Amino acid sequence: MSLFLLENEEEEEELKSCISRESMRQLYEMRHNNILCDAVIKLQDNTNFNVHRNILGACSPFFRALFTTPLNKSNDNEAAGDSGIVIKGIRAPIMEQIINYAYLRECQIDVTNVHELFTCADYCGILGLMQRCIDFLTKILMPKNCIGIMLFGKALACEKLYQNARMYVLRNFVEISSESDEIIQLQFEEFINVIADELLNVKDEETVWDCCLRWLDHNPQERQRHVTQLLRAVRLGLLNTNYFNERVKDNPYVVANEEAKPIIIETLTFLYDLDVMNTDASDEVRTPAIAMPRLPHEVIFAIGGWSEGAPQSFIETYDTRADRWVRVYEEDPAGPRAYHGTAVIGFKIYCIGGFDGIEYFNTCRCFDGVTKEWHEIAPMHCKRCYVSVATCDNFIYAMGGYDGSNRQNTVERYDVRTNQWTMMPPMHAQRSDASACCLDGKIYITGGFNGQECLNTSEVLDPATNLWTVLPPMLQRRSGVSCVAHRGKIYVIGGFNGLSRMKSGERFDPETGTWTQIREMYHARSNFGLEIIDDMIFAIGGFNGVVTISHAECYVPETNEWLEATDMSIIRSALTANVVYGLPNVRDYIHKNRDKLMEERRQRIFANSYTNSDFFDLDDVVEENEEE
């Protein structure tokens, strides 16, 4: 694997502002022909490089010092002559790349030379070349090499590379913990720093303890003395009770360690107290450290929608680790919208089209998840309510919809770099209330309503050819449907078939061109949010044919089952749901009082106990809790 790196935009602009690229090319050619060169770099293998002192000196404080500071007389430099500098420890191919960078800001970086090139760039103080190496190493991070790159960054005291690689380890820990041989070779201090981190991206703590056992098994005689610290790093209170009894409490490493017994007793007490929680206790129950949820790496944003007969600007985020919805108060100052589309690029959420109860929008808004600011972007060519939106290769596609008069088959694409919409080839069918997603560089759109009937058709756009292809029909007609791409398949769920709202779902396999039915949801719904988080498909809100709902549930493809999740704070349909990954300010969007999660759970159990009581009114209890 290799990567030919030219200067980034800032470096290019900086270079243009001081000297033309053509001039640097001429100087580079003069160096090769030894024209006006005033220094010679000599390596230990007797390779010589004719150079211009000013060029290398301007690029590197190391070379500047060599060329401007009187050198201590040594046999090496005396032999080199007045204009010659002997440099030890750098091989000729690496020096060639360093000189290329000094003259042209170009270098050839690949997996065979990046570590050596980085080390030498660091030694010579060439910050730009170091950044190139950091960028390259960051791009090639994968489960099998990320820990080695992390330790390399630490050895060179390169905090940026170290943190880039470490964040990759935390984010992809589940895969790394089972596949990487590097992780079990980590020294104890580095290993426990990883597994104890609150940003460790695991949906269950079983994964963390299993990794600890792998690490212990690699060198049990030396490592078993660390069992107590490992137990404290794992959130034992979040483990399944049976798993804890079988895999932790009775584990030979734990049984043989006397210092581990208080931790085991504390966890057992906590786990079994949960099963028989005293709901009428007067003291507030605090969440202990052994049960404190970690922080999520990804957050679902549920934006806008229709509730109580009006459009909403309400925003909530879902904290998967705490299983809580959190209100976000930075609502769009331009006003509410429903039946819109949304797309995520980086940390920004783009709201496309929609309806406010009066006007059908062609306007589009953008929310920056880091700055929490809203701003207007270029409007679409067409008004689009019930629009289908998908992101592919950092372009946003807006398809179909209703403009207040007609259902549309038109398509347009937004380029975030130019802030421009461009018309694309139209679809074969007019579609509003359809749903779209991207898989393997292609845009799939499913179902919808054409003005006369709900559709069971779907089609796919290949942006490489700009051609739409009709797919085999779905098993059922679906308008107000939602779809997502997951693990190479398209999941199409819920919707309205012309008679009733549906619980059913189906899955399309692009390789076989076939549709397969999946298990039904608990709740029928149309015009709802659908997103993937923790490898599960979350269905959020919607309209069940009678009332608008706040219910959320998640589908597990491995087991083909739906699980109940925590309801949103308000009922709404015609909303959108999007996942934003890796927000640097993720704490702004998660449940703040994590130490009170157990008390909240106790209060819910306490409140629910009144539902079967003849002596209390549940509405009074709820109002009481809300006032508190």
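For the structure, see preceding data.
Residues numbered from 1 in each chain as written. Predicted model: local features only at pLDDT ≥ 70, side-chain atom pairs only at ≥ 80, totals over all residues. Heavy atoms only, no water.

Enquirer: Looking at this structure, I do not really get the nonpolar core. What am I missing?
Expert: Nonpolar side chains in soluble globular proteins tend to end up buried together. Membership of the largest hydrophobic core comes to 111 residues, with the highest contact counts inside it found for Leu 56, Phe 63, Ile 87, Met 95, Phe 118 and Phe 301. At nine residues, the largest contribution of residues to this core is made by helix α6 (residues 92-104). Excluding residues within four positions of it along the chain, Phe 63 makes contact with Ile 41, Leu 56, Gly 57, Ile 87, Met 95, Ile 98 and Cys 124. Counting 16 residues, the second largest nonpolar core, distinct from the first, contains Tyr 318, Met 536, Phe 538 and Leu 575. (Core = buried A, V, L, I, M, F, W, Y, C linked by side-chain atoms within 4.5 Å. Buried < 20%, exposed > 50% of the residue type's maximum accessible area, 1.4 Å probe, protein only. Helix = DSSP H or I, 4+ residues; strand = E, 2+ residues; numbered from the N terminus. Contact = heavy atoms within 4.5 Å.)

Enquirer: Looking at this model, I keep getting lost on the packing of aromatic side chains. Mind explaining?
Expert: Any aromatic ring pair is given by two values, namely how distant the centres are and how the planes are angled relative to each other. Taken as a whole and judged by the stated rule, the model has 24 aromatic pairs. With a centroid separation of 6.0 Å and an interplanar angle of 45°, the aromatic rings of Phe 188 and Trp 215 are classed as tilted. Residue Phe 188 is found in helix α12 (residues 188-195), and its partner Trp 215 is found in helix α13 (residues 206-218); the two are separated by 27 residues along the sequence. Ring geometry for Trp 306 versus Phe 355: centroids 6.1 Å apart, planes at 10°, classification stacked. Separated by 49 residues along the polypeptide, Trp 306 in strand β6 (residues 298-307) and Phe 355 in the loop between β10 (348-352) and β11 (364-368) bring together distant segments of the chain. Judged by its relative accessible area of 12%, Phe 355 is buried. Each member of the aromatic cluster is reached from another via a ring pair, and the members are Trp 306, Tyr 339, Phe 355, Tyr 360, Tyr 386 and Tyr 402. Sitting above the plane of the Tyr 402 ring, Arg 407 keeps its charged end 4.2 Å from the centroid. (Phe/Tyr/Trp six-rings, centres within 6.5 Å; stacked < 30°, edge-to-face > 60°. Lys NZ or Arg CZ within 6 Å of the ring centre and 35° of its normal.)

Enquirer: Would you mind going over the side chain of Glu 190 with me for this structure?
Expert: Locating Glu 190 in the fold gives a position in helix α12. Glu 190 has contacts with Met 150, Leu 151, Lys 154, Tyr 162 and Arg 166, leaving out every residue within four places of it along the chain.

Enquirer: Looking at this structure, I do not really get the packing of helix α9 (residues 146-155) against helix α10 (residues 159-171). What am I missing?
Expert: A pair of packed helices is characterised by two quantities: the angle between their axes and the separation of those axes. Look at α9 against α10: their axes get within 8 Å of each other, and the N-to-C directions meet at 155°. Classed by the angle they form, the pair α9 and α10 counts as roughly antiparallel. Two packed elements cross with a definite hand, and for α9 against α10 that hand is left-handed. Within the contact between the two elements, α9 uses Cys 146, Ile 147, Ile 149, Met 150, Phe 152, Gly 153 and Lys 154 and α10 uses Leu 161, Tyr 162, Ala 165, Arg 166, Tyr 168 and Val 169. (Axes fitted to C-alpha atoms, helices over the stretch in contact; angles between N-to-C directions. Parallel < 35°, antiparallel > 145°, perpendicular 65-115°, else oblique. Left-handed = near helix turned anticlockwise from the far one by under 90°.)

None of the figures reported here should be taken as evidence of function without further support.
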